[in-house]
Every structure is written in structure tokens, then in C-alpha cells.
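# Breakdown of the fold
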Amino acid sequence: TDIELSNECIQIAHVVDEEDDLFPPTGTKKEERESPKKLQVSLLAQAFIKNTNSLLDEALSSASPTAAVGLYHAARRGFELYRTLFILQHGTTIDAVPTMTTVFQHDCLFLARAAVDLSLTICPKLQNTFFPNGGSDTNQDEQAFFTFADQIQPLRDLANKYATSS
């Protein structure tokens, strides 16, 4: 399904399953607590994660720790830019159109889940590949710790802000 809004367009991708830990269960029946939530997320959010994964894969295949750290920071900044620029560009539409509000909320939750996944999968690989001793063989200023964990709560907070406004 495509939703076109004047000059602003958001395309809705297929339904994405999310884990229960991202969406706490509200039901009392066992089936309600165990079934994952289904979300409609935008193609933009899916492309964002695909590009983030590409950046981090390139970081992993880099021969230079400096280049790898730079690519990692670029991926992190992407999350920060998404939160800021999407609201600046589409905030009025998100506030005015309930469908956009819902999709944006789902996108934020989808990206928060992706940040969890990146922190648990790719970040340890970066750490082990480029700083196997935790950076202890470098000086204090050059130590590296790879994570996206600090991106999770701001994305969830943004999703919650729009959940209460819809």
C-alpha cells in the first residue's frame, strides 16, 4: 500500500514481526502474551537499516581500525539524524495525519529494535576484530566501545510521544 500526502510521500512496506520485549504484552491470555506484534513500517525505515548494515559490514571488512571506527560513527549519527530530520521535514504531516503518526511510531520502534540487534550482533564483531583486548593496548583516548544501546531509548521515547498524540 502506498500513502501519498501532497509533496510528502511515505510508502508502507510489508508487515514486520516484532519481539514481545519491544512491545510489552497487554493481554492476560497466554496467546496474547506470546504472539509478536505486527507493524507496518515504511520503506524508508527498512532502507535506513539496510544502509546501516552496509556501513557496518564495510567497517568489518576494513583493513584500518580508523576507517572502521569512522564508519561505525557514521552509522550511529544516522540514527540521530533520522530522529531529528524526519521530524523537521515531516512533523506537520505526522501531527495532522493519523496514518503517518502510526507509521512513524512503528518506524521508531522498528529502528529501536534494530539498534538492539546491532548492539548484540555487529558491535561485538567490530570490538573483537579491531580491539580484541578492549582497546587496553592503546591509550585511554583511543579506546573503542561499539554499541547502539544509547539509541534505543530516544527512539522508544519518540514512538511513545506519537503514541499518545494519535
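Note that the coordinates shown come from a computational prediction; the quantities given were computed from them, not determined experimentally. (Residues numbered from 1 in each chain as written. Predicted model: local features only at pLDDT ≥ 70, side-chain atom pairs only at ≥ 80, totals over all residues. Heavy atoms only, no water.)

All right, on to the overall build of the chain then. The number of helices and strands found in the chain is 6 helices and 3 strands. Listed by position from the N terminus, the elements making up the chain come as β-β-α-β-α-α-α-α-α. Here the chain holds 166 residues, and the buried ones make up 42% of them. Residue pairs at least 24 apart in sequence account for 70% of intrachain contacts in the chain once pairs closer than 6 positions are excluded. With the model as given, the accessible surface of the chain reaches about 9,400 Å², and the carbon-plus-sulfur share is 52%. (Helix = DSSP H or I, 4+ residues; strand = E, 2+ residues; numbered from the N terminus. Buried < 20%, exposed > 50% of the residue type's maximum accessible area, 1.4 Å probe, protein only. Contact = heavy atoms within 4.5 Å. Areas by Shrake-Rupley, 256 points an atom, 1.4 Å probe, with all protein chains shown as cover.)

Per-residue confidence for the chain averages 77 on the pLDDT scale, and 69% of its residues sit at or above 70. With pLDDT under 50 throughout, residues 1-12 is counted as low confidence; its partners more than four residues away or in other chains account for 26 contacts. Note that pLDDT drops below 50 for residues 138-142; the model gives that stretch 2 contacts with residues more than four away or on any other chain. (pLDDT = per-residue confidence, 0-100.)

Moving on, we come to helix H4 (residues 98-120). Compared with the 33 Å implied by 1.5 Å per residue over 23 residues, the 33 Å span of H4 between its first and last C-alpha is a close match. Where burial is concerned, most of H4 is hidden: 18 out of the 23 residues are buried. (Expected span 1.5 Å × (residues − 1).)

What follows deals with the side chain of Ser 119. Relative to the helices and strands, Ser 119 is located in helix H4. According to the relative accessible area criterion, Ser 119 is buried, its value standing at 16%. There is a polar contact of 3.4 Å between the side chain of Ser 119 and the side chain of Thr 147. A polar contact of 3.1 Å, which involves the side chain of Ser 119, links it to the backbone nitrogen of Ala 149. Filtering out sequence-adjacent residues up to four positions away, Ser 119 remains in contact with Pro 124, Thr 147, Phe 148 and Ala 149. (Polar contact = N/O pair within 3.5 Å; in protein donor to acceptor, adjacent residues only side chain to side chain.)

So, on to the pattern of salt bridges. Under the defined criterion, the tally for this structure stands at 2 salt bridges. Between Arg 76 and Asp 150 there is a salt bridge, with the nearest N and O atoms lying 2.7 Å from each other. One end of the pair, Arg 76, is in helix H3 (residues 65-96); the other, Asp 150, is in helix H6 (residues 149-165), with 74 residues separating them in the sequence. Asp 150 sits in the partly exposed class, given a relative accessible area of 41%. (Salt bridge = Lys/Arg side-chain N within 4 Å of Asp/Glu carboxyl O.)

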